[in-house]
Amino acid sequence: TPAHRIGAAWLKPSGSAEPIQSPPFFDFRPNFRHSVMKVVAATAVFACASASQTNPIAKVLDLLAGMRSKIVAEGEEEQAGYEKYAKWCRDTAKELQREVADTTAEVADLQATIAKAQATIDAKTAEIGDLAASQQAASADLKQATEVRAKEHADYSAVAAELSESIDTLARAISTLERVLGGSLVQVNNNPAVQKVLSGLNAVVSATVVDAQDKMKLQVFLQAAQGETQAPEAAAYESHDGSNSIVSTLQDLLSKAESQKSDADRAERQAQHDFSMMKQTVEHQLATEAGEQEEAKKVKADAEQTLATASGDLVLAQKELAGDTKSLNEAHDDCEQRADEWNASMASRAHEIDALDTASKVLSDKTGGAQSQAYGLVQVAAKSVNAYGNVVSQVMSLGRDTKDRQLAMLAMRIRTAATASADPFAKIKGLIEDMVARLEKEAAEEASAKAFCDSETAKANAKKDEHDSEISKLSSRLDFAKSRVAQLQRQIATLTDEMKNTAAEQADAEKTRASEHASFKQAEADYEAGLEGVNTALKVLRDYFGASFVQQPATGSHSKKGGAASSVIGILEVAATDFGRLLAEARETEESAVSDYEAMTEDNKISLQTKKQDIKYKEEEMTDLNQKISEQSNDRAGEQEEMDAVIEYLSKLNDQCVAKPEPYEERKRRREQEIEGLKNALEMLEGQGIGFLAVKRHSVKA
């Protein structure tokens, strides 16, 4: 069957290697030529002898030929309209397939983006929760440590206050006793200053820093001094070297109290230092984790924004994909339905032509004898040989108009046949029919060549468009990848410079820290040596001048300078206090500098590591992009080679199909003119009565 279904062939998925074919042309011309020849022959055989006596069979054959010509013309018109519709189906299917493919790829990309954003949100949510828990635990530890430190400081303050008071009381008691004691202890009751000192010593007795043995000595001394017990012998309160035993006891107590005070101060400083370091570490941890938490929140917010945007775009893309798919299916169904309708129309038209041809053949083959009997057909010569001159003139005129030498030769053969042939009509008719057949054959061959050229040109142009589109797409991707590589190179250069600056800052900080530490060590050594010297000098002076304040019998001209020694000792005590304070401040400054240096070092370390990782990731991305650039460059080069081959093929097609001295349309018009002219000559030949004339036979009764 000549019918052609467009649905399966034209609505192929995009990317199919099989080219889209045009529907074949439903060619009526072979049958048309056959019918024309039969009608001409029948007309020649059954031409009417006169207008008054018409052959009805010949009239029917004329009507059948006219009907067939009309059907053929309508079929050719419908064929042209259907070819336009078929082209629309192909173009629409190609466009919709491209849109479906693009939208499908977009949906896949959006789904991947949504999955990645959701994974980032989940990861950052967990990270934020972990950081919050860590911050809560660190804050709780810092709060607990702060409470412990406060309690320790309160305990230290109480002990330090008690020790300071005891030291002050003992120092005043020693100074007073050394000045006023000169005889037995009973004389203590008569001295108001001593009574005041004794009152202060009662507080020392109750102090927690005095051990049991010293406390007992003090209690005995106080009881004796206040008359609560009988004063013991003076020897009982004297040391083996002759010094006053109670003064020695008070001096021992003072030394113990000062030692305890120094130990308590040192323990307090160490506890405060440990707490400060712990607090600084925790606060640094909290600050770092707070920054990480803010960064994680920012990344999570960005991912949530990306997720929301991609989700909205996905809904739109899915709707668009559904719409494109629906349009493609509807176009497929519509084109299938139109193809079925066109197939049915062509089949019906072909059946009608077959019926007309069958009727014409039956009439021509079966009614010849009946027509002779009914209408008295006899072969007579109606005109002279000169009657063929009109036919010859028309053929020669047609040859001149179309510039076809073969028609001029045909005219000469017709003239020869008119004079030399026994049956000129048959001979001339055969010559004209042969020429018509040859012209129709040439027209059919050129039509086939034209169809080949049109089909191949359309295929080549489609391939060229595909390659051009692919080259444009690859060029866009290459431009984007190269731009991204340049951007990554700039970012890596910036990060590298920042790392160099950070390293330089760290090196400067290390030099500064080393210099500061060296200065601190020197100052610490100087202050410690100064304290040691001052304390040694104080001990020597106190040991030597300790008895100068007690009244002694004159045994010579030299006497200890007790008053001057007291001033010197006071100055040294102030110097010792200054040295101790400056040493504590130097140590505190050193600890603060160390803490700042360690914090800066840790920050620089984190910064360098982060930038190093960023550079690593960017270099990996740049490597991937360079690989893609290489691959896409090769792909584009391959596409360009294929497109160059297609362009070369198109050029050859143009040379074969277009570059002709005479265009196909002109040749077609000329042949149609020749064929029509020859048919007119046949009609003229028959219309002039050259051939068989129908004469009515009448039966004569005798």
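Residues numbered from 1 in each chain as written. Predicted model: local features only at pLDDT ≥ 70, side-chain atom pairs only at ≥ 80, totals over all residues. Heavy atoms only, no water.

Novice: Talk me through the overall build of the chain; I want residue IDs and the actual numbers.
Specialist: For the chain, the helix and strand inventory stands at twelve helices and two strands. Element order for the chain, N to C, with α for helix and β for strand: α-α-α-α-α-α-α-β-α-α-α-α-α-β. For the chain, the proportion of its 702 residues judged to be buried stands at 32%. When contacts within the chain are restricted to residue pairs at least 6 apart in sequence, long-range pairs at least 24 apart make up 85% of them. Of the roughly 41,000 Å² of accessible surface on the chain, a fraction of 54% belongs to carbon and sulfur atoms. (Helix = DSSP H or I, 4+ residues; strand = E, 2+ residues; numbered from the N terminus. Buried < 20%, exposed > 50% of the residue type's maximum accessible area, 1.4 Å probe, protein only. Contact = heavy atoms within 4.5 Å. Areas by Shrake-Rupley, 256 points an atom, 1.4 Å probe, with all protein chains shown as cover.)

Novice: Account for the packing of aromatic side chains, with residues named and values stated.
Specialist: Applying the stated rule across the entire model yields two aromatic pairs. Summarising the aromatic geometry, the rings of Tyr-82 and Trp-342 are spaced 4.0 Å apart at their centres and angled 5° between planes, so their arrangement reads as stacked. Residue Tyr-82 is located in helix 3 (residues 56-180), and its partner Trp-342 is located in helix 6 (residues 245-366); the two are separated by 260 residues in the primary sequence. Note on Tyr-82: relative accessible area 1%, which makes it buried. Classification of Trp-342 as buried rests on a relative accessible area of 2%. With a centroid separation of 5.7 Å and 25° between ring planes, the pair formed by Tyr-85 and Trp-88 is classed as stacked. In this pair, Tyr-85 and Trp-88 are both assigned in helix 3, three residues apart and thus about one turn of the helix distant. The partly exposed category is assigned to Trp-88, whose relative accessible area is 45%. Sitting above the plane of the Tyr-85 ring, Arg-338 keeps its charged end 4.4 Å from the centroid. (Phe/Tyr/Trp six-rings, centres within 6.5 Å; stacked < 30°, edge-to-face > 60°. Lys NZ or Arg CZ within 6 Å of the ring centre and 35° of its normal.)

Novice: Break down the environment of Val-72 for me, citing the residues and quoting the values.
Specialist: One can find Val-72 in helix 3. For Val-72, a relative accessible area of 7% translates into the label buried. Taking the C-alpha atoms as reference points, Val-72 and Arg-349, separated by 277 residues in sequence, lie 8.4 Å from one another.

Novice: Outline the pattern of salt bridges, supporting the account with residue identities and numerical values.
Specialist: Opposite charge on two side chains lets them pair, provided their charged atoms get close. On inspection of all chains with the given rule, the structure shows 25 salt bridges. Where Lys-298 meets Asp-302, a salt bridge forms, and the shortest distance between an N and an O atom there is 3.4 Å. Taken together, the positions of Lys-298 and Asp-302, both in helix 6 and four residues apart, correspond to about one turn of that helix. By relative accessible area, which is 40% here, Asp-302 ends up partly exposed. For the salt bridge of Lys-611 with Glu-498, the shortest nitrogen-to-oxygen distance reads 3.8 Å. On the criterion of sequence distance, the pair formed by Lys-611 in helix 11 (residues 562-657) and Glu-498 in helix 10 (residues 424-545) is long-range, its members being 113 residues apart. The exposure class of Glu-498 is partly exposed, given its relative accessible area of 32%. Linked through salt bridges whose partners overlap, the residues forming this network are Lys-521, Glu-524, Glu-528 and Arg-587. (Salt bridge = Lys/Arg side-chain N within 4 Å of Asp/Glu carboxyl O.)

Novice: Summarise the state of the cysteines; cite the residues concerned and give the values.
Specialist: Applying the stated rule across the entire model yields one disulfide. The partner cysteine of Cys-89 in its disulfide is Cys-335, sulfur to sulfur 2.0 Å. Judged by the sign of its S-S torsion, about -100°, the bond between Cys-89 and Cys-335 is left-handed. Taken together, the positions of Cys-89 in helix 3 and Cys-335 in helix 6 put the pair 246 residues apart, joining distant regions of the chain. (Disulfide = S-S within 2.5 Å.)

Novice: I'd like to hear about the nonpolar core, residue by residue, with values.
Specialist: One recurring pattern in soluble globular proteins is that nonpolar side chains are buried together. Val-395, Leu-407, Leu-410, Ile-414, Ile-432, Met-435 and Leu-678 are the most contacted members of the largest nonpolar core, which has 15 residues in total. Going through the elements one at a time, helix 8 (389-402), helix 9 (405-420), helix 10 and helix 12 (664-687) are the ones with two or more residues in this core. At six residues, the largest contribution of residues to this core is made by helix 10. Formed by 14 residues, the second largest nonpolar core is a distinct cluster that contains Ala-173, Ile-174, Leu-201 and Val-247. (Core = buried A, V, L, I, M, F, W, Y, C linked by side-chain atoms within 4.5 Å.)

Novice: Any chance you could break down the confidence of the model for the chain for me, citing the residues and the numbers?
Specialist: Per-residue pLDDT for the chain has a mean of 75; in total, 70% of the residues score no lower than 70. Contacts of residues 1-53 to residues separated by more than four positions or lying in other chains number 125 contacts, the stretch itself having pLDDT below 50. Taken as a whole, residues 376-386 scores under 50 in pLDDT and shows 24 contacts with residues more than four places along the chain or in a different chain. (pLDDT = per-residue confidence, 0-100.)

Novice: Outline the environment of Asp-357, listing residues and values.
Specialist: Along the chain, Asp-357 falls in helix 6. Looking at Asp-357, the relative accessible area reads 11%, which means it is buried. The spatial distance from the C-alpha of Asp-357 to the C-alpha of Leu-61 is 10.0 Å, given a sequence separation of 296 residues.

Novice: Explain the side chain of Glu-524 to me, and be specific about the residues and the numbers.
Specialist: Position of Glu-524 relative to the elements: it lies in helix 10. Judged by relative accessible area, which is 13%, Glu-524 ranks as buried. Leaving out residues up to four positions away in the same chain, Glu-524 has contacts with Leu-583 and Arg-587.

Novice: Can you explain a negative patch on the surface? Please cite residues and give values.
Specialist: Taken together, the side chains of Glu-106, Asp-109, Asp-313 and Glu-320 define an acidic patch exposed on the protein surface. Elements supplying a minimum of two residues to the negative patch: helix 3 and helix 6. Relative to the helices and strands, Asp-109 resides in helix 3. A residue is classified by how much of its surface remains accessible, and Asp-109, at 52% relative accessible area, is exposed. (Patch = residues over 30% accessible without salt bridge, like charges linked within 9 Å, V, L, I, M, F, W, Y side chains within 5 Å. Lys, Arg positive; Asp, Glu negative; His and termini not counted. Charge placed at Lys NZ, Arg CZ, Asp CG, Glu CD.)

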